Amino acid sequence: MATKIKVKVNGKTYSHEVEPRTLLVQYLRDVLGLTGTHVGCDTSNCGACTILVDGKAVKSCTMLAVQAHGSEVKTIEGMADNGALHPLQEGFREEHGLQCGFCTPGMIMASADLLSRNSNPSEQEIREALEGNFCRCTGYHNIVKSVQHAAKKINQKEKVAS
Amino acid sequence: MIPNNFQYHRAASVDDALTLMAKHGMDAKLLAGGHSLLPAMKLRLNQPDVLIDIGHLKELRYIKKEGNELVIGAGATHDDIAHSQMARETFSMLSEAADLIGDVQVRNKGTLGGSLAHADPAADWPAVMIAAHANIEVKGPQGTRTVAADDFFTGFFSTALADNEIITAIRIPEPPKGTNSSYQKFMQPASRFAIVGCAASITMNGRLCSKVSVAFTGLSDAAFRASNIEAALFEKMPTEENITAAVQKAGEGVMAMSDHFASEEYRLHLARVFAKRALMAAAK
């Protein structure tokens, strides 16, 4: 029995009939073709599938697509603005915050949740906010620097704007 | 991993969910944040025929003061509680425990009511709720009743909740002035569940403890109150010496769990260590 859902993803509204057991990450990848969200462990440990649902970071492998009905979803594909990289994306590039890149979309989305709550996090706060995201390449060192880079950039922008 | 197929119902309200539960009986499971149920379903540890979704219900998601009680809606997420000034002011162990659950993403979805209903023997909330003398409000076809947290956790993944009831709220009596509390746990590094967790609260009257509450999780098949430690500190000064002596009683008469993370002996050792840490922090 398919269930009808309506979800806003990266600013665009979609209506689909889905099998209730469809995971949100499958819906994003297989139905919408947004393959930037990765499936790592599939057991809500590694955080590779992290996206924002109504502004909060969640692991999309541990959420059903039907649970997202009526919600606003943001994935890594929705971070750049008209081709201009989001400060977090830029930070990860500038500070070499990735090697294989598999965990990066989840890292960036979890960091986006952090920066939306705390625009000037300490190193400790960044590390705590990323506890739910595993990286097996970088040793996290440059990931922390990447988030700091983004925070600085966002704060500078806000200063200029005001 | 994809769960087994099931019928999905999005409840329009708590009452609608109760009607759906009455209709589907034992075949149905409630879905709130889904952070205990969905992993179990993906592993085929649980294969319900029907899911009744209450995760989006705003009527269950709040934190408020009502008379001399802090009332937390069953649908409040761990993150809601971690960031609630009201919760922190009532019992700091509420915010401390919320902050130690899983990770940010898990805290954003997982709910207090869901955790209590699931009653994982290693979950953090049951110990905190027992130490806080919380009352758990449940609604069924017959109306609403409250169950003291002390009586709620009946065993391994078992509670006093009937099959046709929903947890709607958690009522925490405002502690007397001079109360301080803490939650301390030794966590499994991957799951971040408690291998042993201890929630402790101390109310001071002058230099003596006029009320002591201590509860453990992770130690045995269900969270429980350590009445022996409470009695050992009652009307005593909460000095390191007295606390050290009192926590020697941790786990007395309890069948401690043993698994590949921690043996029975090691768990009992951890119980003494973490009870001491929680009590020392609450004594400050």
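Residues numbered from 1 in each chain as written. Chains lettered and ligands numbered in written order. Predicted model: local features only at pLDDT ≥ 70, side-chain atom pairs only at ≥ 80, totals over all residues. Heavy atoms only, no water.

(A) Looking closely at the overall build of chain A. A tally of regular secondary structure across chain A gives five helices and five strands. Helices (α) and strands (β) of chain A occur, in sequence order from the N terminus, as β-β-α-β-β-β-α-α-α-α. Compactness check: chain A gives a C-alpha radius of gyration of 16 Å against a globular reference of 15 Å for 162 residues, within 12% of the reference. Each of the three principal axes of chain A carries a C-alpha extent, and together these read 50 × 40 × 25 Å. Taking the intrachain contacts of chain A between residues at least 6 apart in sequence as the baseline, contacts between residues at least 24 apart amount to 57%. Only carbon and sulfur atoms are counted for the fraction: they give 46% of the accessible area of chain A, which is about 7,500 Å². Across chain A, the mean location of the 18 positive side-chain charges is 2 Å away from that of the 17 negative side-chain charges. (Helix = DSSP H or I, 4+ residues; strand = E, 2+ residues; numbered from the N terminus. Rg over C-alpha atoms; globule rule 2.2 N^0.38 Å. Contact = heavy atoms within 4.5 Å. Areas by Shrake-Rupley, 256 points an atom, 1.4 Å probe, with all protein chains shown as cover. Lys, Arg positive; Asp, Glu negative; His and termini not counted. Charge placed at Lys NZ, Arg CZ, Asp CG, Glu CD.)

(B) Quick peek at the sheet that holds strand E12 (residues 194–205) of chain B. All names here are of chain B. One open sheet holds the four strands; their spatial order is E11-E12-E13-E14, and the pairing between them is antiparallel. Edge strands, defined here as strands with exactly one partner in the open sheet, are strand E11 (179–187) and strand E14 (224–225). Sheet strands touched by helix H5 (residues 92–100): E11 and E12. Its angle to E11, the strand with the most contacts, is close to 20°. Lying over the sheet, helix H12 (residues 264–283) contacts E11, E12 and strand E13 (208–217), oriented at roughly 35° with respect to E12. (Pairing = 2+ DSSP bridges. Axes fitted to C-alpha atoms, helices over the stretch in contact; angles between N-to-C directions.)

(C) Fine view of the nonpolar core. All names here are of chain B. One finds Ile-81, Leu-94, Leu-116, Trp-125, Met-129 and Ile-172 to be the most contacted residues of the largest nonpolar core, which totals 41 residues. The element that contributes the greatest number of residues to this core is helix H8 (residues 125–131), accounting for six residues. Each of domain 2 (60–173) and domain 3 (179–282) accounts for three or more of the residues forming this core. (Core = buried A, V, L, I, M, F, W, Y, C linked by side-chain atoms within 4.5 Å. Buried < 20%, exposed > 50% of the residue type's maximum accessible area, 1.4 Å probe, protein only. Domains from an automatic or database assignment.)

(D) Local environment of the packing of aromatic side chains. Residue and element names in this part refer to chain B. Counting across every chain of the model gives five aromatic pairs over all chains. Measuring from centroid to centroid gives 5.8 Å for Phe-216 and Phe-224, while their planes differ by 40°, and the two rings are tilted. On the accessibility criterion, Phe-216 (0% relative accessible area) is buried. Site record: aromatic cluster; members linked through ring pairs are Phe-186, Tyr-266 and Phe-274. Sitting over the ring of Phe-274, Arg-277 keeps its end group 4.6 Å from the ring centre. (Phe/Tyr/Trp six-rings, centres within 6.5 Å; stacked < 30°, edge-to-face > 60°. Lys NZ or Arg CZ within 6 Å of the ring centre and 35° of its normal.)

(E) Structural detail: the domain arrangement of chain A. Residues and elements named next belong to chain A. Looking at the assigned domains, one finds that chain A contains domain 1 (3–78) and domain 2 (87–161). Counting the surface lost from both domain 1 and domain 2, the interface buries some 1,200 Å², and carbon and sulfur atoms represent 64% of this. It is His-38, Thr-50 and Ile-76 that lose the most area in domain 1 upon contact with domain 2, and together they represent 37% of the buried surface on that side. Where domain 1 touches domain 2, the interface holds zero salt bridges. Between domain 1 and domain 2 we count six residue pairs in polar contact (both at pLDDT 80 or more) in total. When contributions to the side of domain 1 that touches domain 2 are tallied by element, the ones reaching two or more residues are strand E3 (50–53) and strand E4 (56–59). Its residues assigned to classes, the side of domain 1 that touches domain 2 comprises seven nonpolar, eight polar and three charged. (Buried area = accessible area lost by both parts, 1.4 Å probe. Salt bridge = Lys/Arg side-chain N within 4 Å of Asp/Glu carboxyl O. Polar contact = N/O pair within 3.5 Å; in protein donor to acceptor, adjacent residues only side chain to side chain. Nonpolar A, V, L, I, M, F, W, Y, C, P; charged D, E, K, R; others polar.)

(F) Seen up close, the side chain of Arg107(B). All names here are of chain B. If you trace the backbone, Arg-107 turns up in helix H6 (residues 104–109). No salt bridge is formed by the buried Arg-107, whose closest oppositely charged neighbour, Asp-99, lies at an N-O distance of 4.4 Å. With sequence-adjacent residues up to four places away left out, Arg-107 is seen in contact with Thr-77, His-78, Asp-79, Ala-98, Asp-99, Ile-101 and Gly-102.

(G) Spotlight on the packing of helix H11 (residues 240–247) of chain B against H12(B). Residue and element names in this part refer to chain B. The interhelical angle for the contact between H11 and H12, taken along N-to-C directions, is 145°, at an axis separation of 9 Å. Here H11 and H12 pass one another in a crossing that is right-handed. Within the contact between the two elements, H11 uses Glu-240, Ile-243, Thr-244 and Val-247 and H12 uses Arg-272, Ala-275, Lys-276, Leu-279, Met-280 and Ala-283. The residue inventory of the contact of H11 with H12, partitioned by class, reads six nonpolar, one polar and three charged. (Left-handed = near helix turned anticlockwise from the far one by under 90°.)

(H) Fine view of helix H3 (residues 104–117) of chain A. Over its 14 residues, H3(A) runs 20 Å from end to end, which matches the ideal 20 Å to within 8%, given 1.5 Å per residue. Most of H3(A) is tucked away: 12 of the 14 residues are buried. (Expected span 1.5 Å × (residues − 1).)

(I) Region of the structure containing the pattern of salt bridges. Within the structure shown, the criterion is met by 22 salt bridges over all chains. In this structure, the salt-bridge partner of Glu131(A) is Arg192(B), at a minimum N-O distance of 3.7 Å. Here the residue Glu131(A) occupies a position in the loop between helix H4 (123–129) and helix H5 (141–161), and Arg192(B) occupies one in the loop between E11 and E12, the pair thus bridging two chains. What makes Arg192(B) buried here is its relative accessible area of 17%. Here Arg145(B) makes a salt bridge to Glu165(B), at a shortest N to O gap of 2.7 Å. Taken together, the residues span a long stretch of sequence, with Arg145(B) in strand E7 (residues 143–148) and Glu165(B) in the loop between strand E9 (158–159) and strand E10 (166–173) at a distance of 20 residues.

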